[in-house]
Structure formats: structure tokens, C-alpha cells
Amino acid sequence: MTSQQWADDRLMAELGEAVRAARAVPPEFTETGKAAYTWRTVDAELAALTFDSAAQAAAVPAVRAEEASPRFLTFAGSEFTIELEIGADSIMGQIVPPEPGHVDACPATGAAATAEIDEIGCFIIVPLPSSPFRLHCHTTAGVSVLTTWITL
Amino acid sequence: MGMVSGPGRTRTMQGIHGPPAALRRPARREDGPAMRDDSPVAVLVSRARDGDRQAWDTIVDRYAPLIWSICRRYRLDRANADDVGQSVWLRLVDQLALIREPAALPGWLATTTRRECGRVLSAARRQEALGDAVDAADVPDGEPAVAEREVLAAERHAALREAFTHLPPRCQELVGLLLEDPPVPYADISAKLGIPVGSIGPSRARCLDRLRRYPAVAALISNEIPAGGDPE
């Protein structure tokens, strides 16, 4: 019943397109995607991005882009929010409500760096991690929150 | 949950190597042979969510061409395309547990890719044009129809590639040769495969018929019929 749908020539043309589309993809492009799976089981609550000053700027075309203006990000988890100010060579952050602990800045590939979160919830990460990265905050009270991926 | 193992919470400034999950590999399923996976995308998504790395790899193989082609349409250079691809897959890993409608994955991937392409382009523009007004207008994404077509084509292509890998080897060889560009003369195909020139046409028809009957392809075809009976 289906035999006359998609006559041979059309089928060949579609198949050719399909094969070429797959051949065009560099193998490393695909490998990077496969490697992303190693992040699957990070066992922490995910804090979602609720504010990004860069997104605001992009949405308002008339705004002049200030060369060195920092970028502000807010991530909200159920226990606390994470406020970030990304400058040219460092990240200043604060968790609200304040709680001490430590934060890992984890790039997608390569080594993570750890910084302390002080009594008023502040931390500083120097230098900037390589993009993309995410922050994993651990409080001494035992709460663990992971931001979604941050791209610079 | 060991990002850092042990109590050594004293500020270790040197890094931890790699993501934590690398330490405890998800258990590989023992049932089912390691073979090409022709499961519907919804099944792959739920298996990947449960720790089946092979299902994840299949998803990536199947849809990397979609992400790549969108990057090309946005004219991203190689480095930016890599950046976008990585972000999209990392986001998907985070979302695996939250996806409500796994069958809609290709659409989600396309949307996320376009958003990432837009981000990369405006970041590049911000760096180039110091103090210039940002023009966010030149993203090639005007009509949703383009986006829609792109996703449909990706699904069609994935089904066809999968069907192709399920053809008998002789068919794969023949159809592969017939797809070469520039075309391989029939005489050469005949010599290569050891079949008479006169049987190339009929063999091609038989192979394509098998392709058409492959479930994923048959489903595509039958979904298309309502679009007003193909006159061909």
C-alpha cells in the first residue's frame, strides 16, 4: 500500500541529502556531545537562571554596549539564590540568605577550581573559568546547589 | 554526593579533575546486544535518563547533524559552532530528568541551538563593535516555517540513515555507489559489485523498497499522505 508513495528518485534524493548532512558533521563535534553525558549524575539541586543582564542588553537593540560593564546573573534554587557579577577577570558572587561554605567553579572540560564562601555568603573566583562552566555551591549546613551552565 | 570526597574542605585551590560522574560510571545494561539502536526518540530519552550511555550516544549521533546545520545557517565559524554544540548537549543533560514530552526532543534541540547561536553572535558583535549600537536584527531566523522545516528534515534524515544501516550489506554497497557525487558509471558499479549492468536498475528498486518498508521510514511516508496524495 505504501509502495508508490515516495517514488524511487525522491527516495534516493532524500537519502543522499541525509547521508551528506551526517557526513558534513565533524567527528569531534559529535564526540563533544557524547562526552557531555558524564555530567548526568551530579547529585545536587539545580538552580535556574532567572536574570541575565546580557540577555537584557541583547533584547534592547538601542542600548549602547559598554565595553567593560560587568554582567549580572541570578540563579534561584529552593534554599537560596546565587547572585553573580562577572567582570573582566573574576567572578564575585553571593548566596542569599548568607551561609558559609565553598564553591566549585566547574568548566565543562578540565579541572574545577574551589573558593571559600565567607560568613556573609560572599565568594570570589579568580581567574574566570573557561566557558562554559557552572558553579556548585556547598554550604556547611549541607546544602548543595548547582547552577545551570554559564557561557561567557 | 562527592564533588569533593572526604572531609578536606580546607580550600583546595587546585582543581578536581573532570566531572564527578566520571568516577562512577552509569551501569551498562546487560540485556540487549550492543547494536544499532532504532528505538523511537522517546525511548532513547528515558533510557538516557536512567543512565544508559549507549542511548545517549545514539541521540547525539542522530541529532548532531541538526545542530550542526543550524550553526551553518547562522554562519558560525568552527570554534563558535563547537561552543554552541557543547552548550546544547550540556543543557540537555541537565534537562533529561525534566523533559515532559520526550518525543518533542528534536524541536527542543533546534530551539535551544538557535538561541545559543544568537547568544554567540551577539557576544561576538559586542566584542567587535566597542560602543557601537548592538543590532540584534540580523539573525536569519525570521519565519518559524524555516525552523519547523529544519526539524522535520532532521527527523526524516535520521530515519533514512537508520533505515540505510539496516539494509543488507549488498544493498548498502549498491545504494552507496549510486549516491556518489559525481555519479559512478553503471559499468564501474557492475565491475565493482560483480553484477550485470542490466540488473543494477532492478536491484536498486528492490533495495529502495526495503528502505521504504523500514518502520521509521514507513511511518514518515504514511504521515505525509494527508498532505494531498503525492501525484508522482
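What you see is a predicted model; the values in this text were computed from it and never measured.

With that out of the way, let us pick up the overall build of chain A. Within chain A, the regular secondary structure consists of three helices and nine strands. Listed N to C, the secondary structure of chain A is α-α-β-α-β-β-β-β-β-β-β-β in terms of helices and strands. Counting contacts in chain A only where the partners sit at least 6 residues apart, residues at least 24 apart contribute 48% of the total.

Residue and element names in this part refer to chain A. Read from one edge to the other, the open sheet built from nine strands follows the order β6-β5-β8-β9-β1-β2-β3-β4-β7, with strand pairing classed as mixed. Either end of the sheet is taken by a strand with one partner, and the two such strands are β6 (113–117) and β7 (122–125). Sheet twist, expressed as the average angle between the axes of neighbouring strands with direction ignored, equals 25°. Here seven bridges tie strand β5 (residues 101–107) to strand β8 (residues 133–139), and the two strands are oriented antiparallel to one another. Residue pairing in the sheet places Cys106 in a bridge with Arg134 of β8.

Before going further, it helps to spend a moment on the pairing of strand β3 (residues 81–86) of chain A. Residue and element names in this part refer to chain A. Here strand β2 (residues 71–76) runs beside β3; their pairing, made up of six bridges, is antiparallel. Looking at β3, one finds that Ala76 is bridged to Thr81. The antiparallel hairpin formed by β2 and β3 contains four residues in its connecting segment. Relative to strand β4 (residues 91–96), β3 runs antiparallel, the two being bridged by six bridges.

In this section: the domain arrangement of chain A. A common measure of how large an interface is: the accessible area buried when the components associate. Split by domain assignment, chain A resolves into domain 1 (8–37) and domain 2 (42–147). In this structure, domain 1 of chain A and domain 2 of chain A have C-alpha centres spaced 36 Å apart.

With that out of the way, let us pick up unusual backbone geometry. With an omega dihedral of -5°, the bond running from Val96 of chain A to Pro97 of chain A counts as a cis peptide bond. With respect to the secondary-structure elements, Pro97 of chain A resides in the loop between β4 and β5. Residue Val126 of chain A is joined to Pro127 of chain A through a cis peptide bond whose omega torsion reads -5°. By the secondary structure assignment, Pro127 of chain A is in the loop between β7 and β8. Located in the positive-phi region is Arg75 of chain B, a residue other than glycine, with phi close to 55°. Topologically, Arg75 of chain B is positioned in the loop between α2 (53–73) and α3 (78–95).

Basis of the calculations
- Residues numbered from 1 in each chain as written.
- Chains lettered and ligands numbered in written order.
- Predicted model: local features only at pLDDT ≥ 70, side-chain atom pairs only at ≥ 80, totals over all residues.
- Helix = DSSP H or I, 4+ residues; strand = E, 2+ residues; numbered from the N terminus.
- Contact = placed C-beta atoms within 7 Å.
- Pairing = 2+ DSSP bridges.
- Axes fitted to C-alpha atoms, helices over the stretch in contact; angles between N-to-C directions.
- Domains from an automatic or database assignment.

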